[in-house]
Amino acid sequence: FARIAIGALAGGKPQVQVVNFTTTDEQAEVAALRQALEKGGDGWHDPARKLYQALVAPVESSIGAGTVIVPDGVLAVLPFAVLDNGRGRLLGAQTVLSFMPSLRAASVPVAKPNQAKDALVVGVSRFVQAGVASLPAAAKEAAAIKTTLVAAGRKPRSLPITTAAKQLVTDA
């Protein structure tokens, strides 16, 4: 069965294209592209071209300097920037890509910024969990953030990483 692959808004006029691209095809091509990218080499170009032809080509003329993508299903894990138009250009080089979880997210009112003047800055340089690499520059980064916040009129405080501080942060 056919699916709605992509919609575009160009010049204030919505454009929706229905293409013959089944869920099975979509899943297979996305998996092939991701596997080829993980493997390395040039094997990713073929699935990247197929996905471009199915998802982008139908509305290619509507793509401007910026493109908002609302991926559905397996498309949420598709690296859209590497889709290949077959003429040597990747989608990420043609337009600035932005992503939204749903169209409803565009209608949600933006929350007012937090006006609180205080902030807690914590730099955790090492973890007790096995297999988690240390972050030796964490304290330095926390100090830089604190300096930036002070310059912006905030009142940050730092905590030494002790058992008590660790508990405070994990409970917050």
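See above for the structure.
In this text, all values refer to a predicted model and were calculated from it rather than measured experimentally.

(A) Representation of the overall build of the chain in the model. Helix and strand counts for the chain come out as 5 helices and 6 strands. Going from the N terminus to the C terminus, the chain shows its helices and strands as β-β-α-α-β-α-β-β-α-β-α. Here the chain holds 172 residues, and 23% of them are scored as buried. Within the chain, contacts between residues separated by at least 24 positions form 57% of all contacts whose residues are at least 6 apart in sequence.

(B) Quick peek at the environment of Gly66. Structurally, Gly66 is set in strand β3 (residues 66-69). On the accessibility criterion, Gly66 (54% relative accessible area) is exposed. Note: C-alpha distance between Gly66 and Leu97 (31 residues apart in sequence) is 6.1 Å. Each residue touching Gly66, except ones within four places of it in the same chain, is listed here: Thr95 and Val96.

(C) Up close: the packing of helix α1 (residues 23-39) against helix α2 (residues 45-56). In contact at an axis separation of 8 Å, α1 and α2 are set at 145° when each is read in the N-to-C sense. Relative to α2, the crossing made by α1 is left-handed. For the pair formed by α1 and α2, the contact residues are Glu29, Val30, Ala32 and Leu33 on the first element and Pro47, Ala48, Lys50 and Leu51 on the second. In terms of residue class, the contact of α1 with α2 is made up of 6 nonpolar, no polar and 2 charged.

(D) Quick peek at the pattern of salt bridges. For the structure shown, the criterion picks out 4 salt bridges. The shortest N-O distance in the salt bridge between Glu60 and Arg87 comes to 2.9 Å. With Glu60 in the loop between α2 and β3 and Arg87 in the loop between β3 and α3 (91-94), this pair connects stretches of sequence that are 27 residues apart. Judged by relative accessible area, which is 24%, Glu60 ranks as partly exposed. Among the residues examined, Arg87 registers a relative accessible area of 58% and is labelled exposed. Shared partners join several salt bridges into a network, and the residues in it are Glu29, Asp46 and Lys50.

(E) Local environment of α1. Across its 17 residues, α1 extends 24 Å between first and last C-alpha, which sits within 8% of the 24 Å expected from 1.5 Å per residue. Residues Glu26, Glu29, Val30, Leu33 and Ala36 constitute the buried set of α1. Along the long axis of α1, the arc covered by the buried residues comes to 135°, so they all point the same way. Within α1, the exposed residues directed more than 90 degrees away from the buried face are Thr24, Gln35, Glu38 and Lys39. Looking one or two residues past α1, Gly40 carries a phi angle of roughly 90°, positive in sign.

What counts and how
- Residues numbered from 1 in each chain as written.
- Predicted model: local features only at pLDDT ≥ 70, side-chain atom pairs only at ≥ 80, totals over all residues.
- Heavy atoms only, no water.
- Helix = DSSP H or I, 4+ residues; strand = E, 2+ residues; numbered from the N terminus.
- Buried < 20%, exposed > 50% of the residue type's maximum accessible area, 1.4 Å probe, protein only.
- Contact = heavy atoms within 4.5 Å.
- Axes fitted to C-alpha atoms, helices over the stretch in contact; angles between N-to-C directions.
- Left-handed = near helix turned anticlockwise from the far one by under 90°.
- Nonpolar A, V, L, I, M, F, W, Y, C, P; charged D, E, K, R; others polar.
- Salt bridge = Lys/Arg side-chain N within 4 Å of Asp/Glu carboxyl O.
- Expected span 1.5 Å × (residues − 1).
- Arc of directions from axis to C-beta.

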